[in-house]
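Take a look at the letters that make up each chain.
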Amino acid sequence: MVSPGWQSPVGSSAIAVGASPFSFQSTVPGNVNVNAGTVSLVEISRDGLTFFSVGLLGGMFFLCPGDFLRVTYVLAPTMTWFPV
């Protein structure tokens, strides 16, 4: 059920994870879920040049438009995009 004044959320989509370290850039606000794999570092950046560790190796990460999420791994994780 959708609350009054809210639109139904857009569906999720799988992110094709490339070579490590892999960077994903959002074009709209949303969440990236990083799950499984053998991840050694997850970082966020506003400019794609300076990255900051998020302190976790998986989970749901909110990105504003233009933000980057960079994942360093040995075995690729599953990544899913949930735009809002």
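Right above here is the structure, for reference.
As the structure is a prediction and not an experimental result, all values here were calculated from the model. (Residues numbered from 1 in each chain as written. Predicted model: local features only at pLDDT ≥ 70, side-chain atom pairs only at ≥ 80, totals over all residues. Heavy atoms only, no water.)

A. Highlighting the overall build of the protein. If you tally the helices and strands in the protein, you get 0 helices and 8 strands. Taking the principal axes of its C-alpha atoms as reference, the protein extends roughly 45 × 25 × 20 Å. Per-residue burial over the protein gives 30% buried out of 84 residues. In the protein, the proportion of contacts linking residues at least 24 apart, taken out of those at least 6 apart, comes to 72%. (Helix = DSSP H or I, 4+ residues; strand = E, 2+ residues; numbered from the N terminus. Buried < 20%, exposed > 50% of the residue type's maximum accessible area, 1.4 Å probe, protein only. Contact = heavy atoms within 4.5 Å.)

B. Geometry of the pattern of salt bridges. Throughout the structure, instances matching the rule amount to 2 salt bridges. Close ionic contact of Arg-70 with Glu-43 constitutes a salt bridge, the shortest N to O distance being 2.8 Å. On the criterion of sequence distance, the pair formed by Arg-70 in strand β7 (residues 68–75) and Glu-43 in strand β4 (residues 38–45) is long-range, its members being 27 residues apart. Of the residues examined, Arg-70 reaches a relative accessible area of 22% and is grouped as partly exposed. Glu-43 gets classed as buried once you look at its relative accessible area, which sits at 9%. (Salt bridge = Lys/Arg side-chain N within 4 Å of Asp/Glu carboxyl O.)

C. Representation of the pairing of strand β2 (residues 22–25) within the structure. Every second residue of β2 is oriented toward a common face, the buried set being Phe-22 and Phe-24 and the non-buried set Ser-23 and Gln-25. Relative to β7, β2 runs antiparallel, the two sharing 4 bridges. What sits directly across from Phe-22, in β7, is Val-71. (Pairing = 2+ DSSP bridges.)

D. Region of the structure containing the packing of aromatic side chains. Going through the model one piece at a time under the given rule, you end up with 2 aromatic pairs. Summarising the aromatic geometry, the rings of Phe-24 and Trp-81 are spaced 5.1 Å apart at their centres and angled 50 degrees between planes, so their arrangement reads as tilted. Taken as a pair, Phe-24 in strand β2 and Trp-81 in strand β8 (residues 78–83) lie far apart in primary sequence, 57 residues in all. No difference in accessibility class separates Phe-24 from Trp-81, as the two residues are buried. Relative to Phe-68, the ring of Phe-51 lies with its centre 6.4 Å away and its plane at 70 degrees, an arrangement referred to as edge-to-face. In this pair, Phe-51 sits in the loop between β4 and β5 (52–53) while Phe-68 sits in strand β7, placing the two residues 17 residues apart along the sequence. Under the relative-accessibility criterion, Phe-68 is labelled buried at 18%. Here the basic side chain of Arg-70 rests over the ring of Phe-51, its NZ or CZ set 3.7 Å away from the ring centre. (Phe/Tyr/Trp six-rings, centres within 6.5 Å; stacked < 30°, edge-to-face > 60°. Lys NZ or Arg CZ within 6 Å of the ring centre and 35° of its normal.)

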